[in-house]
Amino acid sequence: MKEKLEQLRAEVLERLEGIKDKKELDELKIKIMGKKGQLTEILRGMGSLPAEERPKVGQLVNQLRQELEERFEKAEAVMEENLKKARFALETVDVTMPGKKKRVGGLHPLNSVLESIIDIFVSMGFDVVDGPEVETDYYNFEALNVPSDHPARDTQDTFYLTEKFLLRTQTSAAQIRTMEKRKPPIRIISPGRVYRADEVDATHSPVFHQVEGLVVDKGITMCDLKGVLEQFAHEIYGPETKVRFRPSFFPFTEPSVEVDVTCGECGGKGCRVCKGAGWIEILGAGMVHPNVLSVCGIDPEIYTGFAFGIGLDRLTTTRHKISDIRLLFENDLRFLEQFSR
Amino acid sequence: MKVSLNWLRRYVDIKVPLEELCEKMVQAGFEVESIEDLSKTMDNVVVGRIEKLEKHPNADRLQICQLNIGTGELLRIVTGATNVFEGALVPVALHDSHLPNGMHIKKGKLRGVESNGMLCSGQELCLKESDYKGAEVNGIMILNEEYPLGTDMREVLGLDDIVIDFSVTANRPDCQSILGIAREVSVVLKEEFKKPVPSYKTKGGDVNDFISVTVEDYDLCPRYVGRVVTNVKIGPSPAWMQKFLKSCGMRPINNIVDITNFVMLETGQPMHAFDLRDVRGGKIIVRRAKDGEKMTTLDGKEHTLNSEMLVIADAEQPSCLAGIMGGLDSEIKDDTTAIFFESAKFRRDSVRRTARTLGIRTESSARFEKGTDIMNAEYAMERALSLIYELGAGDIVEGVIDRNMGLPKDRVLEVTVSSVNGLLGLEIPGDTMVEILNRLSIKTTLAGDKLTCVIPSFRDDIEGRADIAEEVMRIYGYQHIVGTPIKGEIVRGRKSHERLCSDRIKNRLIAQGLNEIVTYSFIPEKALDMLGIGEDDSRCRAIKILNPLGEEYSVMRTQLVYSMLNVLAINYSRKIPAVRFFEMSKVFIPDSLPITSQPEERPALSIGLYGEQEDFFTLKGLVEEVLAEFGIEAEYRRSSEPYFHPGRQAAAVVDGIEVAVFGEVHPDTAARFDLSCRVYVAEIRADILMSAKESIVYYKPLPRFPAIDRDLALICDKELPVAEIEKVFKAYGGKFLESVQLFDVYEGAQIEKGKKSVAYRLVFRSAESTLKDEEVDGVITKLIEKLNEKGCYLRS
């Protein structure tokens with residue numbers, strides 16, 4: 001009996017060595033360990049043994065069963081491991097091949113820049129308000145301290161719809177509408193489309209976009225204006241950006257300034273982008289003219305305020321180094337896609 | 001404002017480099033548009049006299065000149081010109097000289113004879129007859145005046161100057177003059193402003209014996225100053241005056257006209273000189289023109305005037321358009337012997353309107369339009385007379401005519417130092433403010449916190465503390481403004497509801513692969529014709545622009561389809577195979593035409609597609625996406641837009657309102673845009689989407705029990721809309737019908753002609769238990785019965 005077991009053990013171990021296939025392994029396992037397997041046969045044959053030998057042989061059989069089970073398990077594990085290895089080798093991909101993407105679209109560059117501007121100002125507590133594009137002479141000029149004989153009107157060639165109605169030449173008209181409706185403290189920006197009768201060329205378009213800003217409260221100073229614009233410039237152009245005021249003239253602000261930022265390309269040293277100046281003009285601003293406050297029923301002796309007007313199209317073209325403003329309105333997909341992210 | 005640096009130096013010392021001057025002026029509010037160094041055009045060209053002329057030994061056509069250029073040694077130069085002679089003064093280009101035509105002259109040998117430079121023709125110096133008399137003769141330019149030998153030709157030609165073009169803002173008309181700029185320069189450089197003091201002697205007589213002046217319309221002409229000069233000797237003005245005029249872009253004409261132009265440039269006050277002979281009746285009348293009155297200006301053009309225009313007339317007819325241009329018949333002529341000088345103040349809006357109406361723009365009208373100083377009229381006249389005297393151009397008659405309705409007194413403004421600082425956010429000492437304001441000719445004293453400022457007549461723009469703050473600040477320096485964090489109550493910023501809705505629409509479409517476009521709000525009037533939209537359609541009621549840039553941009557759009565098709569066409573013409581676009585913009589809906597109130601500016605959305613992947617249903621899918629964003633379920637009906645394919649267009653209708661119309665563009669319409677592929681466009685009422693009620697999503701329990709699927713293949717009339725079938729499912733599907741999905745539509749082989757096969761998958765599920773087949777069978781039987789009534793039969 002014992003020899004029989006030894007013989008079986010040797011036989012199984014030898015066969016296990018040679019097996020390469022899972023199916024073969026399973027068959028062998030059934031043949032040996034299955035209900036009708038050889039080992040079971042042996043166990044069954046124990047009945048013919050003398051009673052005193054049975055426990056001993058039983059122990060031997062169980063020992064062998066345990067050993068063989070372990071052997072089979074191990075062989076299975078090795079085989080599975082090998083199978084996986086083979087599969088992985090087969091399934092290995094070229095990771096440098098391009099990823100598969102679903103094409104998404106994108107905002108127009110003017111509006112993606114506008115969204116960044118809106119985010120900056122909303123975070124500083126500015127409300128976003130919209131004004132009409134068809135304006136009256138009163139809101140576009142008169143109330144902004146530009147009476148009919150004012151020479152400033154010459155510099156803004158206006159599209160008229162009737163004698164009274166026109167296409168607004170500046171988002172500043174929204175200042176008046178806001179101040180008529182709200183009382184200080186006021187903190188708004190008003191983005192929108194404006195129109196001037198400029199012939200189309202690389203830097204001019206009869207339709208363009210501005211973002212007007214207005215703050216009115218007690219004790220607002222020019223230093224506050226600079227503080228707000230510095231924060232804006234840092235967000236848009238980077239934290240190293242410096243802001244400079246230059247005196248200028250707008251009828252609806254006094255004092256009025258042009259606002260320059262250090263050129264992002266050269267950091268202020270002077271380069272081709274800034275034409276050697278080291279500075280780039282980005283917007284006009286100033287303290288709200290007392291006449292404008294008065295017109296809106298706000299007492300200029302009590303309240304002061306500042307206003308600024310950002311040229312969105314110019315900001316967009318300089319930010320993305322777009323050489324010709326016409327590209328913005330042409331909407332060539334190959335142009336637009338460059339800004340889809 | 002073009003400013004000659006040499007002219008400027010007459011009135012203020014400039015001891016700093018040009019760059020520093022410009023930088024300081026920019027900081028004070030005068031941007032530098034350009035700097036033109038006239039001397040850069042040539043160098044090393046001097047005046048020389050031909051002392052001796054000999055024949056060239058080896059060439060018949062060449063001559064050897066010995067030139068005296070004031071160095072003591074004679075210079076040998078070979079020339080091919082034939083108009084030279086001994087004793088002639090000529091421009092000599094020395095060795096290593098540069099000429100304005102780009103030539104670089106070096107010494108060399110001509111047929112074996114050394115030549116140390118070149119004699120120049122007027123052409124080589126880029127000169128015209130008007131620049132220098134005799135410049136256009138064939139040959140070497142012979143100088144017609146005596147100059148010290150060796151004089152730099154730039155000096156002779158007035159090219160030893162630098163011209164700075166300052167941009168002057170609309171609030172500073174006083175700086176449309178050399179003296180105005182000189183005053184600002186004196187302030188920024190802290191130098192003395194040396195305003196010229198006119199002085200002259202009269203020859204007696206009485207101006208009233210020569211002329212009488214009547215101002216009828218003081219509202220348009222608040223001041224009119226006149227003087228008479230007799231024994232006038234017309235001739236060229238001196239070289240120095242011509243140089244200044246030319247450097248500022250004016251053409252010298254004769255001594256009298258040049259004086260008026262010189263005074264205008266210098267003082268900012270336009271002047272006019274009349275030939276006294278041609279002032280009929282010895283009368284000057286400042287009056288409004290009569291309607292239809294005619295006048296010929298000195299450029300030879302005849303104008304028809306109206307009663308809004310101010311003229312300077314004589315006893316009979318207008319002889320000058322006030323402040324704009326003189327008349328042809330009273331202009332200064334070569335034989336003029338007596339003149340009447342005018343220096344006046346005309347109201348700026350009147351000059352502006354007349355100049356615009358007649359389409360004339362002159363240096364004079366530009367200055368009047370910006371506004372002139374009423375007090376300066378008198379000073380300019382004095383300055384002109386002192387030049388007449390200095391040049392000996394005539395005899396000044398005693399007596400001034402000065403018509404006005406009273407001259408303004410100096411305005412006194414009181415502001416506090418603290419209020420100025422309060423606006424600026426700084427602590428500028430009162431003394432500093434006083435010092436700055438006084439330098440700006442604003443006579444200011446300080447008492448405690450109070451500044452008392454006497455505003456000079458030329459600073460009309462200064463009205464209150466904000467203006468004083470600006471004057472102080474631009475001289476004190478804006479670099480002192482230091483940014484401070486904004487103060488005040490904590491306020492929350494937010495976007496408007498419309499903007500938030502618009503963001504949602506955009507995000508939804510971007511995720512579907514659409515790119516946003518931006519187009520102009522005005523379109524051609526013929527745009528609606530191109531779309532085939534008839535005149536009675538409300539979209540034809542578009543607001544017209546009175547002064548459009550051209551037909552292409554002449555009406556405010558009432559729809560976005562035209563602009564979208566245009567953009568699709570541009571992309572198609574550039575061989576871009578497929579595009580998906582949308583535009584969010586406004587359309588302009590007038591209440592009446594012409595408008596009497598502000599039009600409705602209605603938010604609108606358009607979608608445009610073409611490409612192999614696109615069809616009617618990809619477009620419809622996008623429309624559904626947008627509506628779904630706002631929880632809107634629409635009914636889809638056939639529509640009848642002329643610009644769409646009649647069988648492939650629909651309107652999405654909600655509560656009886658068309659929220660969207662969309663479809664495949666009619667091939668005829670597409671052809672008008674040179675689009676020869678299938679194009680799909682939708683126009684959506686974004687305003688209605690934005691007004692949709694916000695709905696909150698409520699959670700539905702996830703299914704716990706398995707579903708039963710049933711597929712139904714139906715045969716029905718080809719014309720039957722599937723929506724009709726779906727209505728049946730909806731009405732009779734019972735409470736367990738979870739979803740209905742159309743998965744196949746088929747026409748063709750094995751299907752009877754005029755019929756189609758439609759296949760649906762119905763999913764049934766109960767939330768409480770596992771459904772049994774029998775429970776579903778009953779529903780299916782009922783559905784088939786109802787479908788049969790609609791002419792739909794199960795496909796066998």
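Residues numbered from 1 in each chain as written. Chains lettered and ligands numbered in written order. Predicted model: local features only at pLDDT ≥ 70, side-chain atom pairs only at ≥ 80, totals over all residues. Heavy atoms only, no water.

*Asks:* Explain the overall build of chain A here, please?
*Replies:* Within chain A, the regular secondary structure consists of twelve helices and nine strands. Each of the three principal axes of chain A carries a C-alpha extent, and together these read 130 × 45 × 45 Å. Split into buried and exposed, the 341 residues of chain A put 55% on the buried side. A separation of at least 24 residues holds for 65% of the contacts in chain A among residues at least 6 apart in sequence. Surface summary for chain A: the accessible area is close to 16600 Å², and the carbon and sulfur share equals 51%. (Helix = DSSP H or I, 4+ residues; strand = E, 2+ residues; numbered from the N terminus. Buried < 20%, exposed > 50% of the residue type's maximum accessible area, 1.4 Å probe, protein only. Contact = heavy atoms within 4.5 Å. Areas by Shrake-Rupley, 256 points an atom, 1.4 Å probe, with all protein chains shown as cover.)

*Asks:* Would you take a moment to explain the packing of aromatic side chains for this structure?
*Replies:* Scanning the entire structure with this criterion turns up 29 aromatic pairs over all chains. Each residue in the set A:F159, A:Y195, A:F329, B:Y520, B:F522 and B:Y553 is aromatic and connected to the rest through ring pairs, giving one cluster. Sitting over the ring of B:W240, B:R10 keeps its end group 4.7 Å from the ring centre. Lying across the ring of B:Y636, B:K620 places its NZ or CZ 4.2 Å from the centre. (Phe/Tyr/Trp six-rings, centres within 6.5 Å; stacked < 30°, edge-to-face > 60°. Lys NZ or Arg CZ within 6 Å of the ring centre and 35° of its normal.)

*Asks:* What am I meant to see in helix α8 (residues 222-237) of chain A here?
*Replies:* Note on helix geometry: an α-helix contains 3.6 residues per turn, so any two residues three or four positions apart are oriented the same way. Over its 16 residues, α8(A) runs 22 Å from end to end, which matches the ideal 22 Å to within 8%, given 1.5 Å per residue. Positive phi appears at A:G238, one or two residues downstream of α8(A), with a value of about 110 degrees. (Expected span 1.5 Å × (residues − 1).)

*Asks:* How do you make sense of the sheet that holds strand β1 (residues 127-128) of chain A when you look at a structure like this?
*Replies:* One key point about sheets: their strands pair by backbone hydrogen bonds, in either a parallel or an antiparallel sense. All names here are of chain A. The sheet built from seven strands is open, its strands ordered β1-β4-β5-β9-β8-β7-β6 with mixed pairing. With partners counted over all chains shown, the strands left at the sheet margins are β1 and β6 (243-250), one partner each. Relative to strand β4 (residues 186-195), β1 is paired through two bridges, and the arrangement is parallel. Its bridge partner being in β4, V128 is matched across the sheet by I189. (Pairing = 2+ DSSP bridges.)

*Asks:* How should I be thinking about the interface of chain B and chain A in this particular structure?
*Replies:* Note: interface size is frequently given as the accessible area lost on complex formation between the parts. Each partner contributes residues to the interface: chain B has 87 residues there, and chain A has 94 residues. Overall, the association of chain B and chain A removes approximately 7200 Å² of surface from exposure, summing both partners, and the carbon and sulfur fraction of that is 54%. Summed over the three residues of chain B that lose the most area to chain A, namely B:I486, B:V518 and B:L549, the buried surface amounts to 10% of that side. The tally of links between chain B and chain A comes to seven salt bridges. Note that A:D130 and B:R499 form a salt bridge whose closest N and O atoms lie 2.7 Å from each other. Our count for the chain B to chain A interface comes out at 38 residue pairs in polar contact (both at pLDDT 80 or more). In terms of residue class, the side of chain B that touches chain A is built from 38 nonpolar, 22 polar and 27 charged. (Buried area = accessible area lost by both parts, 1.4 Å probe. Salt bridge = Lys/Arg side-chain N within 4 Å of Asp/Glu carboxyl O. Polar contact = N/O pair within 3.5 Å; in protein donor to acceptor, adjacent residues only side chain to side chain. Nonpolar A, V, L, I, M, F, W, Y, C, P; charged D, E, K, R; others polar.)

*Asks:* Before we go on, may I ask you to explain the packing of helix α5 (residues 239-247) of chain B against helix α6 (residues 255-267) of chain B in this structure?
*Replies:* For any two helices packed against each other, the geometry is given by the interaxial angle and the distance between the axes. Residues and elements named next belong to chain B. Their axes nearest at 10 Å, the elements α5 and α6 cross at an angle of 55 degrees. The orientation of α5 relative to α6 falls into the category oblique. Of the two possible hands of crossing, α5 and α6 adopt the one that is left-handed. Contact residues: α5 offers W240, M241, Q242, F244 and L245, while α6 offers D258, I259, N261, F262 and L265. (Axes fitted to C-alpha atoms, helices over the stretch in contact; angles between N-to-C directions. Parallel < 35°, antiparallel > 145°, perpendicular 65-115°, else oblique. Left-handed = near helix turned anticlockwise from the far one by under 90°.)

*Asks:* Would you explain the nonpolar core in this entry?
*Replies:* One broad rule of soluble globular proteins: the nonpolar side chains tend to lie buried together. With 178 residues, the main nonpolar core has A:F308, B:I181 and B:F341 as its most contacted residues. Counting 37 residues, the second-largest nonpolar core is a separate cluster that includes B:V228, B:A289, B:A344 and B:F368. (Core = buried A, V, L, I, M, F, W, Y, C linked by side-chain atoms within 4.5 Å.)

*Asks:* Just to check I follow, could you spell out the packing of α6(B) against helix α9 (residues 376-391) of chain B for this structure?
*Replies:* Residue and element names in this part refer to chain B. Here α6 crosses α9 at 135 degrees, and the two axes come no closer than 10 Å. Taken together, the axis directions place α6 and α9 in an arrangement best described as oblique. The element α6 and its partner α9 pack so that their crossing is right-handed. Along its contact with α6, which presents I256, I259, F262, V263, E266 and T267, the element α9 presents N376, Y379, A380, R383, A384, L387, I388 and L391.

*Asks:* How do you make sense of helix α15 (residues 561-573) of chain B when you look at a structure like this?
*Replies:* Residue and element names in this part refer to chain B. In a regular helix each residue adds 1.5 Å, so 13 residues correspond to 18 Å; α15 covers 18 Å between its end C-alpha atoms and thus fits that length. Buried residues of α15: V561, Y562, S563, M564, L565, V567, L568, A569 and N571, and no others. Remark: K575 follows α15 within two positions and exhibits a positive phi of approximately 65 degrees.

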